[in-house]
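# Architecture at a glance
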Amino acid sequence: MRVPFKTSYLHDIRLFADGYRAAQYAVLVALAVLLPFVLDDFLIGEVTGVLIWAIAGMGLMLLTGHAGQVSIGHAAFLAVGCYANVILMDRFGLPFVTSFLLAGIVTGIAGVLIAIPVFRLHGIYLAIATLALSMLVEDIIVLAEPWTGGVVGLTAPSVTIAGMDMDRFSAPNRFYWLCLAIALLVTLGYRNILRAPLGRALLAIRDSEVSAQAMGVQLARTKAAAFGLSCLVTGWAGALLGHFFYTFNHEVFTVVVSIQLLLMIVIGGIGSIHGAFYGAIVVGIIPQAINIGRDWVTDILGTGGVAIPGLETGIFGLILVLFILFEPLGVHGRLTKWKIYFELFPFYRRDLFRRQRSYLKTERLR
Amino acid sequence: MSLLDVRDVTIRFGGVTALADVSFSVEPGEIFAIVGPNGAGKSTLFNLISRFCEPESGDVRLDGASLLDLAPADMAPLGVARTFQNIDLFETSTVLDNLLIGRHTRRQSSFVAQAVFSPAVRRQEIAHREAVERIIDFLDLHAYREQRIAGLPYGTRKVVEVGRALAMEPRIVLLDEPASGLSPEESRDMRFWISDIRAELGVTVLMVEHDMGLVSAVSDRVLVLAEGRGIALGTPADVQSHPEVVQAFLGVEPEPTA
Amino acid sequence: MDDLQLMVGGLANGCVYGLIALGFVLIYKATEQVNFAQGDMMMLGAFVAIGLGNESHAGLPFWLACIGAVTIMAGFGMAVERTLLRPLFGQSQIAVVILTIAFGFVLRFVAGAIWGHDPLVMDNPVAGTHVTFGQVVLGADEIAVIVVTLLLTGLLFLFFARTKLGIAMQAASQNQLAAYYMGIPVKRIHGLTWMLAGATAAAAGILFAAKGSVDPSAGLLGIKAFAAAVIGGFGSLPGALLGGLIIGLVEPFAARYIAAGYAQIAPYSVLILVLIFRPHGLFAQVRGKKL
């Protein structure tokens with residue numbers, strides 16, 4: 001097991017524990033940059049989608065994984081970012097860079113505005129409030145037809161930065177690099193916040209609100225910050241998603257998407273940035289795997305390929321049930337355990353990761 | 001002037017009177033203990049001072065200014081730190097991060113600066129770590145520095161919680177049963193630490209404690225609560241011989257005085 | 001007169017929401033878990049009843065099909081608790097929330113695979129008959145729904161208030177450890193609660209499928225029922241029914257007096273308003289947390 005030997009306080013706050021880890025990530029980023037030279041346009045499109053979901057996942061992870069505020073309504077903020085970006089480009093003629101940044105900020109402000117009335121709500125009540133929000137936004141999009149195009153939806157204008165074509169269809173590789181760059185910047189900002197006072201305050205309100213207050217953490221302000229930052233990032237993901245889908249309407253941002261986003265970060269591993277990426281990868285792979293599996297079954301049975309509605313979400317649900325039952329720490333947790341198993345071989349013990357169970361006491365009637 | 005002044009405080013929960021007209025004041029640099037049987041209102045008193053509950057009447061003053069309009073999170077900037085009876089640490093964080101939260105009110109950086117981790121943020125983080133390291137030294141927590149709270153033994157958690165309160169560099173620290181559940185050795189360590197908190201760090205201590213050995217060893221003055229009333233106040237020796245105290249603790253009728 | 005018909009229709013819908021909400025509240029009251037799959041269990045109950053009772057399927061007599069569906073769903077509820085929930089015993093509420101959401105997806109898929117995705121109606125004795133009060137014509141099915149719901153809510157309320165088992169169930173949720181110490185078999189109680197919730201889901205499903213039609217996505221109705229449960233205070237049985245009725249009434253009246261599109265928005269707007277102004281519902285049961 002690699003245990004970095006710390007000789008100065010700087011070692012505590014570096015991005016990477018040691019040169020070895022830094023090198024690992026450098027190789028990973030280099031591979032990601034070179035990917036378009038290996039994959040064809042279709043696959044690059046798929047990988048771009050995974051990146052965008054990973055950005056959205058990071059947005060939700062900050063709020064749910066790190067600040068402990070469960071949201072089952074983040075598709076609403078994806079929608080705000082997506083529509084804001086396209087409306088700013090179409091109606092106000094802003095260039096992509098400006099409208100993209102503004103779309104995130106608008107969504108972030110929307111998040112803070114939502115946080116103010118609901119910040120007193122805990123756990124399950126907050127989850128339900130955000131669920132209702134997601135349902136509401138879906139219907140509001142339909143009702144606000146003059147701006148959103150109602151059920152017909154909108155078409156995203158093409159993306160150009162400094163005269164260079166970045167469009168999803170005419171320049172898929174460049175669009176991929178754009179998404180990759182944004183994903184990397186968001187990841188860096190996320191890491192920075194986690195090692196700064198705000199990150200500690202987020203973890204504090206997740207673990208114990210009472211104790212956090214006694215330490216001088218202002219609950220309302222910290223929760224509003226968590227909502228704001230989470231929605232900022234989610235709004236950016238939404239803006240990219242609009243360009244990725246090209247045409248979109250309210251059906252792209254249903255409550256099912258909200259739920260999938262939450263399930264995605266749980267599968268990936270709640271409470272870690274890695275988890276957002278792993279979750280996005282799993283969600284990206286499932287439809288492909290189902291397609292392959294279906295072809296395979298068709299070959300064996302010799303019947304025509306049948307599209308089974310609900311199969312994708314059904315399998316997704318099943319995977320998630322299995323994860324919650326057998327690996328609550330998600331893909332990230334499982335990989336970490338394997339890594340430690342090999343590093344400590346043969347001294348790994350199962351209870352290295354045993355979680356304490358607590359008997360439940362109600363929040364009611366106490 | 002007293003540092004902390006509690007005046008004629010009454011608190012009722014439904015029909016139960018938790019505190020009835022309790023008054024006392026804590027002088028700067030004092031170690032002040034509150035003792036009493038279970039249900040005497042000791043923890044309620046702490047929750048009142050750290051603003052987690054409201055009094056029906058009376059006032060709580062710090063340096064002569066009333067605290068009643070303030071929220072729990074406003075106490076830390078004023079230099080009032082506390083621990084909890086049932087240990088309330090941030091379970092998934094490391095010992096180091098728990099102590100660093102104690103420095104939360106001393107941060108001076110915007111979200112944007114934190115997101116780009118500007119040189120100013122970096123400098124502050126290093127300064128906070130130096131401050132926290134002194135507490136780690138003081139409480140002998142080196143071995144646990146990088147460990148998560150969730151895996152630590154009970155006695156260590158108790159010490160970490162004291163450390164988290166001290167990392168705030170408070171003027172007064174409220175310790176809620178610092179020695180409960182500790183082994184005799186740990187309890188003895190805690191005794192030395194409490195006197196060192198005043199001697200080395202210059203922090204005033206207000207504590208609730210059951211262990212009379214510890215209380216009489218370290219505290220300057222003791223307030224005895226029984227059924228929400230203050231029945232005796234004085235040095236540990238004075239209080240222990242007070243007839244009402246004997247009755248409250250042992251259930252013995254006091255000798256009728258002629 | 002129109003308003004009265006609208007009201008009865010709304011109340012009948014509200015009763016179905018209320019019954020699903022009762023399922024949530026039952027489980028929450030006794031186990032402090034939140035079952036997001038309750039709507040899907042209702043949908044499954046409806047399909048089981050249809051599978052047993054309809055001419056096109058097994059074709060059993062209506063009453064037999066009802067009893068069968070309730071029994072099967074009760075067993076199903078218990079099995080779910082045994083296999084999925086018990087391993088999570090002692091873990092966070094949110095883990096259960098996520099698990100039941102995912103389980104709902106699975107149920108929807110399974111129901112679609114077995115019964116298809118076309119809406120089905122349950123054959124029932126009162127289908128198509130009407131009751132006329134003066135000039136008002138009311139569907140007999142709607143009245144039946146209201147009556148059955150009131151009966152069920154009353155029975156469950158009495159069960160929790162009066163019977164030993166009901167009180168033990170409440171105690172088990174308020175403090176599991178203390179309940180253990182008092183000799184209450186907490187785990188078995190959880191099983192029984194889920195059984196009860198399964199039976200309630202079947203009842204709601206039968207009423208739903210008899211009154212309108214059911215397809216696998218009907219489980220999403222659970223979200224409205226959720227709103228109902230929260231409006232009612234989440235721990236209160238009469239509150240759940242009241243919340244259901246409020247939502248049932250708000251829908252048609254919003255559509256009629258504001259605009260058609262608002263029927264969808266209204267329930268959630270009411271929910272958010274309630275959460276902002278009465279964060280713990282109309283029948284709040286929350287008190288301060290002990291430090």
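Residues numbered from 1 in each chain as written. Chains lettered and ligands numbered in written order. Predicted model: local features only at pLDDT ≥ 70, side-chain atom pairs only at ≥ 80, totals over all residues.

## Brief notes about the overall build of chain C
Tallying secondary structure elements over chain C gives eleven helices and two strands in all. In chain C, the order of α-helices and β-strands from amino to carboxyl end is α-α-α-α-β-β-α-α-α-α-α-α-α. Dimensions along the principal axes, computed over C-alpha positions, put chain C at roughly 60 × 45 × 35 Å. (Helix = DSSP H or I, 4+ residues; strand = E, 2+ residues; numbered from the N terminus.)

## Considering the overall build of chain A
In terms of regular secondary structure, chain A is built from 15 helices and four strands. Relative to the compact-globule value of 21 Å for 366 residues, chain A shows a C-alpha radius of gyration of 22 Å, a close match. Each principal axis of the C-alpha distribution contributes one length, and for chain A these read about 55 × 55 × 45 Å. Contacts in chain A between residues at least 24 apart in sequence constitute 75% of all its contacts with a sequence separation of at least 6. (Rg over C-alpha atoms; globule rule 2.2 N^0.38 Å. Contact = placed C-beta atoms within 7 Å.)

## Focus on the interface of chain C and chain A
Accessible area lost upon the coming together of the parts is a frequently used measure of interface size. In this complex, chain C contributes 49 residues to the contact, which on the side of chain A involves 47 residues. At the level of elements, α4 (93-115), α6 (164-174), α7 (176-181), α9 (221-232) and α11 (262-277) of chain C are the ones that each hand at least two residues to the side of chain C that touches chain A. Of the residues assigned to the side of chain C that touches chain A, the class counts are 30 nonpolar, 14 polar and five charged. (Nonpolar A, V, L, I, M, F, W, Y, C, P; charged D, E, K, R; others polar.)

## A short note on the environment of Leu282 of chain C
Residue and element names in this part refer to chain C. As for its position among the elements, Leu282 is in the segment after α11. For Leu282, a count of 15 C-beta atoms within 10 Å corresponds to the partly exposed category. In this structure the C-alpha to C-alpha distance between Leu282 and Pro87, which are 195 residues apart in sequence, comes to 33 Å. For Leu282, the residues in contact, after removing those within four places along its chain, are Ile231, Gly232, Gly233, Gly239 and Val274. (Buried ≥ 20, exposed ≤ 12 C-beta atoms within 10 Å, placed from the backbone.)

## Here we look at the sheet that holds strand β5 (residues 65-66) of chain B
Two strands in a sheet stick together by hydrogen bonds in their backbones, pointing the same way (parallel) or opposite ways (antiparallel). Residues and elements named next belong to chain B. Across the sheet, four strands lie side by side as β2-β1-β4-β5; this open sheet has antiparallel pairing. With partners counted over all chains shown, the strands left at the sheet margins are β2 (16-26) and β5, one partner each. Pairing between strand β1 (residues 4-13) and β2: seven bridges, direction antiparallel. Bridge pairing in β2 places Val6 opposite Phe24. Strands in contact with helix α1 (residues 42-49) are β1, β2 and β4 (57-62); relative to β2, the strand with the most contacts, it is inclined by about 65 degrees. (Pairing = 2+ DSSP bridges. Axes fitted to C-alpha atoms, helices over the stretch in contact; angles between N-to-C directions.)

## Notes on the sheet that holds strand β9 (residues 221-226) of chain B
All names here are of chain B. Taken in spatial order, the six strands line up as β6-β7-β8-β3-β9-β10 in an open sheet, and their pairing is mixed. Pairing within the sheet leaves two strands with one partner each, and these edge strands are β6 (80-82) and β10 (229-234). Going from strand to strand, the sheet's axes swing by 15 degrees on average, the running direction of each strand aside. By the bridge criterion, five bridges tie β9 to β10 in an arrangement that is antiparallel. Residue pairing in the sheet places Ala226 in a bridge with Arg229 of β10.

## Regarding helix α5 (residues 140-162) of chain C
All names here are of chain C. Taking 1.5 Å per residue, 23 residues should reach 33 Å; α5 reaches 33 Å between its end C-alpha atoms and fits that length. Along α5, the positions that sit buried rather than exposed are Asp141, Glu142, Val145, Thr149, Leu152, Thr153 and Leu156. Of the surrounding elements, those touching the buried residues of α5 are α1 (2-31), β2 (136-139), α8 (186-211) and α10 (237-257). (Expected span 1.5 Å × (residues − 1).)

## Some thoughts on unusual backbone geometry
All names here are of chain B. Residues other than glycine seldom take positive phi values, yet Asp140 does so here, at roughly 65 degrees. Within the secondary structure, Asp140 is located in the loop between α5 (119-139) and α6 (154-167). The phi angle at Glu177 is positive, at roughly 50 degrees, despite the residue not being glycine. Mapped onto the fold, Glu177 is located in the loop between β7 (172-176) and α7 (184-199). On the basis of neighbour count, Glu177 is assigned to the buried category, with 21 C-beta atoms found within 10 Å.

## Some details on the nonpolar core
The biggest cluster of nonpolar side chains holds 290 residues, and the ones touching the most others in it are Ile55, Ala132 and Leu263 of chain A together with Ala46, Ala49, Ile206 and Val230 of chain C. Apart from the residues within four sequence positions on either side, Leu263 of chain A is in contact with Phe316 and Leu320 of chain A together with Ile98, Ile101 and Ala102 of chain C. (Core = buried A, V, L, I, M, F, W, Y, C linked by C-beta atoms within 7 Å.)

## Considering the confidence of the model for chain C
Low pLDDT marks regions whose predicted coordinates should not be analysed in detail. Residue and element names in this part refer to chain C. Taken residue by residue, chain C gives an average pLDDT of 85. The fraction at 70 or more is 97%. Per-residue pLDDT stays below 50 along residues 286-291; that stretch engages in 13 contacts with residues further than four places along the chain or on separate chains. Scoring the predicted complex yields pTM 0.89 and, for the interface, ipTM 0.89. (pLDDT = per-residue confidence, 0-100.)

## Overview of the packing of α1 of chain C against α8 of chain C
Viewed as axis vectors pointing N to C, α1 of chain C and α8 of chain C meet at an angle of 175 degrees, and their least axial separation amounts to 9 Å. Taken together, α1 of chain C and α8 of chain C sit at an angle that is classed as roughly antiparallel. (Parallel < 35°, antiparallel > 145°, perpendicular 65-115°, else oblique.)

## Looking at the environment of Leu249 of chain C
Residues and elements named next belong to chain C. Following the sequence through the fold, Leu249 ends up in helix α10. Distance from Leu249 to Gly9, taken between C-alpha atoms, is 8.2 Å for residues 240 residues apart in sequence. With near-sequence residues (within four places) excluded, Leu249 lies in contact with Met7, Gly10, Leu11 and Gly14.

## Quick word on the pairing of strand β3 (residues 31-35) of chain B
All names here are of chain B. With five of its five residues buried, β3 lies for the most part within the structure. What you see with β3 is no split at all: Ile31, Ala33 and Val35 on one side and Phe32 and Ile34 on the other are buried throughout. The pairing of β3 with strand β8 (residues 204-208) spans four bridges and is classified as parallel. Counted as the bridge partner of Ile34 is Val208 from β8. In this sheet, β9 lies alongside β3 in parallel orientation, the contact comprising four bridges. Among the inter-strand pairings, Phe32 is bridged to a residue of β9, identified as Arg221.

## Concerning the packing of helix α5 (residues 96-118) of chain A against helix α11 (residues 219-245) of chain A
A pair of packed helices is captured by two measures, namely the crossing angle of their axes and the spacing between those axes. Residues and elements named next belong to chain A. One way to put it is that α5 packs onto α11 with a least axis distance of 7 Å and a crossing angle of 145 degrees. With respect to the hand of their crossing, α5 and α11 are arranged in right-handed fashion. In terms of residue class, the contact of α5 with α11 is built from 16 nonpolar, nine polar and one charged. (Left-handed = near helix turned anticlockwise from the far one by under 90°.)

## Comments concerning the confidence of the model for chain A
Here chain A averages 87 in pLDDT, and 92% of its residues register 70 or above. The low-confidence segment residues 358-366 of chain A (pLDDT under 50) makes 23 contacts with residues lying over four places distant or belonging to another chain.

## So, helix α2 (residues 38-53) of chain C
Every α-helical turn comprises 3.6 residues, leaving residues that sit three or four positions apart pointing alike. Along its 16 residues, α2 of chain C runs 22 Å from first to last C-alpha, staying within 8% of the 22 Å computed at 1.5 Å per residue. With 16 of 16 residues buried, α2 of chain C is to be regarded as a mostly interior element.

## Points about the environment of Thr313 of chain A
Residue placement: Thr313 of chain A occurs in helix α14 (residues 311-326). Thr313 of chain A sits 27 residues away from Ile286 of chain A along the chain, and the two C-alpha atoms are 9.5 Å apart. Excluding anything up to four places from it in sequence, Thr313 of chain A contacts Phe105 and Phe109 of chain C.

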